[in-house]
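In case you want the letters, here they are:
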Amino acid sequence: MLKDTQKGKVIVLVAPSGAGKTSLSQRLVKHFPTISFSVSATTRQPRSYEKKGVDYYFISQEQFQEGIDTDQFLEWEEFYGGTRYGTPISEVEKNYNSGYITLLDIEVHGALNVKNIYGDDCLSVFIKPPSLEVLKERLEKRGTENEHSLKLRLERAKHELELEQKFDKVIVNDDFDQAYKELEQLVNQFIHTHS
């Protein structure tokens, strides 16, 4: 199993869609040269600002199913009308073999699976919006949701928020700079305590 060949550590950031985990992930990677971002695969269409192989690997449903059938994913989930997201094992192995700390920006259930696999070698952080109302405003402002998908994302967010206590730390992203400061301190502590 992957854990036996592990050279690095894992940091998992989880949040309801629109809570700010991607922005926090990007700043974390810029600040810590030993952290490498693990690019997930998805079957959804890229947004205008997203780049293949940087933001996601955009693949077909058939390619994704083949990845499931051949155990190529560390974790994967299906939601939002059949859209799938998953973490390729090859991404994590590549980072480990290079001695990096792997940063995963993934969904709640996948994150719990990863935490189960890596235990104390994994820091799991739940990024929480100040409220569902604020989350709704952020999603509307993003302009990527129609009324139906917005409703789905908010329903999913309610479910995800019920699971926040299962993570090592919860950070409320009300003020981005403050949330990042808390995350940075947490990551520093994790890297130095578990080295």
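Up top you'll find the structure we're talking about.
From a predicted model like this one, the values you see are computed outputs, not experimental measurements.

1. Focus: the overall build of the protein chain
- What the protein chain contains, in helices and strands, is seven helices and nine strands.
- Relative to the globule expectation of 16 Å for 195 residues, the C-alpha radius of gyration of the protein chain, 16 Å, shows essentially globular dimensions.
- Along the three orthogonal principal directions, the C-alpha set of the protein chain runs to about 45 × 40 × 30 Å.
- Here the protein chain holds 195 residues, and the buried ones make up 50% of them.
- Sequence separation of at least 24 residues holds for 69% of the intrachain contacts in the protein chain that already meet a minimum separation of 6.
- In the protein chain, 25 positive and 31 negative side-chain charges are present, and the distance between their average locations comes to 3 Å.

2. Side note on the sheet that holds strand β3 (residues 40–42)
- The strand order across the open sheet formed by four strands is β4-β3-β6-β5, and the pairing between neighbours is mixed. Lying at the two open borders of the sheet, with one neighbouring strand each, are β4 (56–58) and β5 (73–79). Averaged over neighbouring strand pairs, the angle between their axes works out to 20° when direction is ignored.
- On the sheet, helix α2 (residues 61–69) packs against β3, β5 and β6 (83–88) and is oriented at approximately 45° with respect to β6.

3. Brief notes about the pattern of salt bridges
- Throughout the structure, instances matching the rule amount to 10 salt bridges.
- As a salt-bridge pair, K136 and E140 come within 3.9 Å of each other at their nearest N and O atoms. Pair noted here: K136 and E140 are both in helix α5 (residues 132–142), with a separation of four residues, about one helical turn.
- On the basis of relative accessible area, K136 is assigned to the partly exposed category, the value being 36%.
- Between E155 and K151 there is a salt bridge, with its nearest N and O atoms 3.6 Å apart. Taken together, the positions of E155 and K151, both in helix α6 (residues 147–161) and four residues apart, correspond to about one turn of that helix.
- Among the ionic contacts, a cluster of salt bridges with common partners joins E77, R156 and E160.

Each value, and the rule that gives it
- Residues numbered from 1 in each chain as written.
- Predicted model: local features only at pLDDT ≥ 70, side-chain atom pairs only at ≥ 80, totals over all residues.
- Heavy atoms only, no water.
- Helix = DSSP H or I, 4+ residues; strand = E, 2+ residues; numbered from the N terminus.
- Rg over C-alpha atoms; globule rule 2.2 N^0.38 Å.
- Buried < 20%, exposed > 50% of the residue type's maximum accessible area, 1.4 Å probe, protein only.
- Contact = heavy atoms within 4.5 Å.
- Lys, Arg positive; Asp, Glu negative; His and termini not counted.
- Charge placed at Lys NZ, Arg CZ, Asp CG, Glu CD.
- Pairing = 2+ DSSP bridges.
- Axes fitted to C-alpha atoms, helices over the stretch in contact; angles between N-to-C directions.
- Salt bridge = Lys/Arg side-chain N within 4 Å of Asp/Glu carboxyl O.

Keep in mind these values describe shape, not function.
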